[in-house]
Amino acid sequence: MPHHALEIVLTRPLTTDEIRHAARAWPVAANRDATRLMALMNAKIPDHAAHRLRQRLSPHLPIDVITTHYPDASGRVLLNIAFPPAVRTALKAAAHRAGQTPERFVELALCRDLAEHNRREADRLERGLRRLLDDTNPGHLLSAVGHALTGLPKGPTL
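The structure contained in this document is the topic of the report that follows. Please read all numbers here as calculations on a predicted model, not as lab measurements.

Before going further, it helps to spend a moment on the nonpolar core. Residues I8, L53, L57 and L61 are the most contacted members of the largest nonpolar core, which totals 20 residues. Elements represented by at least two residues in this core include exactly β1 (3–10), α1 (16–25), β3 (36–42), α2 (46–57) and β4 (63–68). Among the elements that take part in this core, α2 stands out by supplying 4 residues, more than any other. Those residues in contact with L57, other than ones at most four positions away along the chain, are I8, A22, A25, W26, V28 and I63.

Take a look at the structure:
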């Protein structure tokens, strides 16, 4: 049976004792600030792995979301979210009104929100770039960006 790398996003940072306690239920590795954990779970498909991991660790951890760490062949990442009953009921009703499954309804809402976020971020970056170009010559700006991206010392070298 294949193993799936899963990332657990927590609602708050964990203490060292909480990480140790959770690791007794299932082996996990924490990031530096203990807000995310990694785990391997064996299952035929990723959503079964995420479901099993949630069942195993939910009694021990404040889990917000479980995701597959690596995208699938289509470049997609699985999200496993445990909504409270009231939210689940509202999602089902909204999905029914839209003629969709709750999963598809949430997927489309996330895609719309991410597209909007990306558009706003691109607009913000373009406005900032235009402000920079008002005060400097494009060649100098391009050189500074190159230096910043490559980690070279700032400023001209003679």
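Attention now moves to the sheet that holds β1. One open sheet accounts for 5 strands, arranged β2-β3-β1-β4-β5; its pairing is antiparallel. Unpaired on one side and paired on the other, β2 (29–30) and β5 (79–81) mark the two borders of the sheet. Lying over the sheet, α2 contacts β1, β3, β4 and β5, oriented at roughly 150 degrees with respect to β4.

Next up on the list: the side chain of N80. Position of N80 among the secondary structure elements: in strand β5. Side chain to side chain, N80 and R54 meet in a polar contact 2.5 Å long. The residues touching N80, leaving out its near neighbours within four places in the chain, are A50, H51, R54, D64, V65 and I66.

Before going further, it helps to examine a nonpolar patch on the surface. Together, L79, I81 and L110 line one region of the surface with nonpolar side chains, adding up to about 210 Å² of accessible area. Topologically, L110 is positioned in helix α4 (residues 102–135).

Calculation criteria
Residues numbered from 1 in each chain as written. Predicted model: local features only at pLDDT ≥ 70, side-chain atom pairs only at ≥ 80, totals over all residues. Heavy atoms only, no water. Core = buried A, V, L, I, M, F, W, Y, C linked by side-chain atoms within 4.5 Å. Buried < 20%, exposed > 50% of the residue type's maximum accessible area, 1.4 Å probe, protein only. Helix = DSSP H or I, 4+ residues; strand = E, 2+ residues; numbered from the N terminus. Contact = heavy atoms within 4.5 Å. Pairing = 2+ DSSP bridges. Axes fitted to C-alpha atoms, helices over the stretch in contact; angles between N-to-C directions. Polar contact = N/O pair within 3.5 Å; in protein donor to acceptor, adjacent residues only side chain to side chain. Patch = residues over 30% accessible without salt bridge, like charges linked within 9 Å, V, L, I, M, F, W, Y side chains within 5 Å. Areas by Shrake-Rupley, 256 points an atom, 1.4 Å probe, with all protein chains shown as cover. Salt bridge = Lys/Arg side-chain N within 4 Å of Asp/Glu carboxyl O.

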